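One-letter residues, chain by chain:
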Amino acid sequence: MLPRPATAAVNHVLRSTPVAMERLSRHAGRTAAFHVGPLTLAFTIQTTGEVAAAVAGAPRDLEVRLSPFLLPRLAAHEEAAYREIHMDGDMELAHEISFLARHLTWDYEEDLSRVIGDIAAHRVAEGARGLARWTREAGRRTAQAAAEYWTEESPLIASRVKVEGFVRDVSELRDAVERLEKRIERL
């Protein structure tokens, strides 16, 4: 039930970028399976560069495994999130899919304009971009506030200055102990 809409969505994005279809067409006949938590979607690349739902039991040339919690980070194009994706199998195909995942974008504003018109689509898209910016900024500020609270107000985490002071004090103590040991040896 899910492969058909997923296939249509992937092909829609691919059709908007002919270069992507050309790059994928070099891998025609290969099958890639994407495991996102308990969900598995397998696609076979066609000679046109589009994808089709893989036939049940078809051998898979590439297995891609990722946590569902990575999806928002991938949508935000967070580079560190791409490194957390596990790929096994045909590394040439893995490289191509990784490249397309990083560089292929969906022009949702264009698609939305066909349904509700250009101006309304632009305003909805601008609102979505603003919400995404606000979410990132709120997350960053929350993390900064928590770090400041835990280092200054309720010291759960030591600040860099305090750690450096502690390391310096330990070094001085070690030197003092060595000097004391030498005095004791002389006595």
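Notes on the structure follow. Nothing here was measured: the structure is a model prediction, and the numbers come from that model.

Counting its regular elements, the protein chain contains 8 helices and 5 strands. Helices and strands in the protein chain line up, N terminus first, as α-α-β-β-β-β-α-α-β-α-α-α-α. A compact globule built from 187 residues should have a C-alpha radius of gyration of about 16 Å, whereas the protein chain, at 27 Å, is more than 25% larger. Across its three principal axes, the protein chain shows a C-alpha extent of roughly 90 × 45 × 30 Å. Counting every position in the protein chain, which comprises 187 residues, the buried fraction comes to 25%. Contacts in the protein chain between residues at least 24 apart in sequence constitute 51% of all its contacts with a sequence separation of at least 6. Surface accessibility of the protein chain: about 13,400 Å² in total, with carbon and sulfur atoms responsible for 60%. In the protein chain, which carries 25 positive and 28 negative side-chain charges, the distance between the mean positions of the two groups comes to 2 Å.

A separate point is the packing of helix 2 (residues 18-25) against helix 5 (residues 91-103). Across the interface, helix 2 lies against helix 5 with an axial gap of 10 Å and an inter-helix angle of 170°. On the basis of their axis angle, the class for helix 2 and helix 5 is roughly antiparallel. For the pair helix 2 and helix 5, the contacting residues are A20, R23 and L24 in the first and E96, F99 and L100 in the second. Tallied by class, residues from the contact of helix 2 with helix 5 come to 4 nonpolar, no polar and 2 charged.

Tracing the chain through its elements places E63 in strand 4 (residues 62-66). We note that E63 is buried and unpaired, the nearest opposite charge coming from R65 at a distance of 4.0 Å. Excluding anything up to four places from it in sequence, E63 contacts A33, H35, H86, M87 and D88.

Okay, the nonpolar core next. In terms of nonpolar packing, the biggest core is built from 25 residues, with L14, L62, L66, L70, L74, I85 and L93 touching the most fellow members. Contributing elements (two or more residues each) for this core: helix 1 (3-15), helix 2, strand 1 (31-36), strand 2 (39-45), strand 4, helix 4 (79-82) and helix 5. It is helix 5 that contributes the most residues to this core, 4 residues altogether. If sequence neighbours within four positions are ignored, L14 has contacts with A20, M21, L24, G49, E50, V51 and L104.

Our next topic: the packing of aromatic side chains. Inspection of every chain in the model, using the stated rule, returns 1 aromatic pair. With a centroid separation of 6.0 Å and 55° between ring planes, the pair formed by F34 and F43 is classed as tilted. It is R23 that lies over the ring of F99; its NZ or CZ is 3.8 Å from the centre.

With that settled, consider the environment of P18. Within the element layout of this structure, P18 appears in helix 2. Here the alpha-carbon distance between P18 and G49, two residues 31 residues apart in the chain, equals 8.7 Å.

Residues spaced three or four apart along an α-helix face the same direction, because each turn holds 3.6 residues. Here helix 2 has its buried residues at A20, M21, R23 and L24. Projection of helix 2 onto a plane perpendicular to its axis shows the buried side chains occupying an angular sector of 160°, all on one side. Every exposed residue of helix 2 that faces more than 90 degrees away from the buried side is listed here: P18 and V19. Looking at the buried side of helix 2, the elements it contacts are helix 1, strand 2 and helix 5.

Definitions and limits used
Residues numbered from 1 in each chain as written. Predicted model: local features only at pLDDT ≥ 70, side-chain atom pairs only at ≥ 80, totals over all residues. Heavy atoms only, no water. Helix = DSSP H or I, 4+ residues; strand = E, 2+ residues; numbered from the N terminus. Rg over C-alpha atoms; globule rule 2.2 N^0.38 Å. Buried < 20%, exposed > 50% of the residue type's maximum accessible area, 1.4 Å probe, protein only. Contact = heavy atoms within 4.5 Å. Areas by Shrake-Rupley, 256 points an atom, 1.4 Å probe, with all protein chains shown as cover. Lys, Arg positive; Asp, Glu negative; His and termini not counted. Charge placed at Lys NZ, Arg CZ, Asp CG, Glu CD. Axes fitted to C-alpha atoms, helices over the stretch in contact; angles between N-to-C directions. Parallel < 35°, antiparallel > 145°, perpendicular 65-115°, else oblique. Nonpolar A, V, L, I, M, F, W, Y, C, P; charged D, E, K, R; others polar. Salt bridge = Lys/Arg side-chain N within 4 Å of Asp/Glu carboxyl O. Core = buried A, V, L, I, M, F, W, Y, C linked by side-chain atoms within 4.5 Å. Phe/Tyr/Trp six-rings, centres within 6.5 Å; stacked < 30°, edge-to-face > 60°. Lys NZ or Arg CZ within 6 Å of the ring centre and 35° of its normal. Arc of directions from axis to C-beta.

Purely geometric numbers; function is a separate question.
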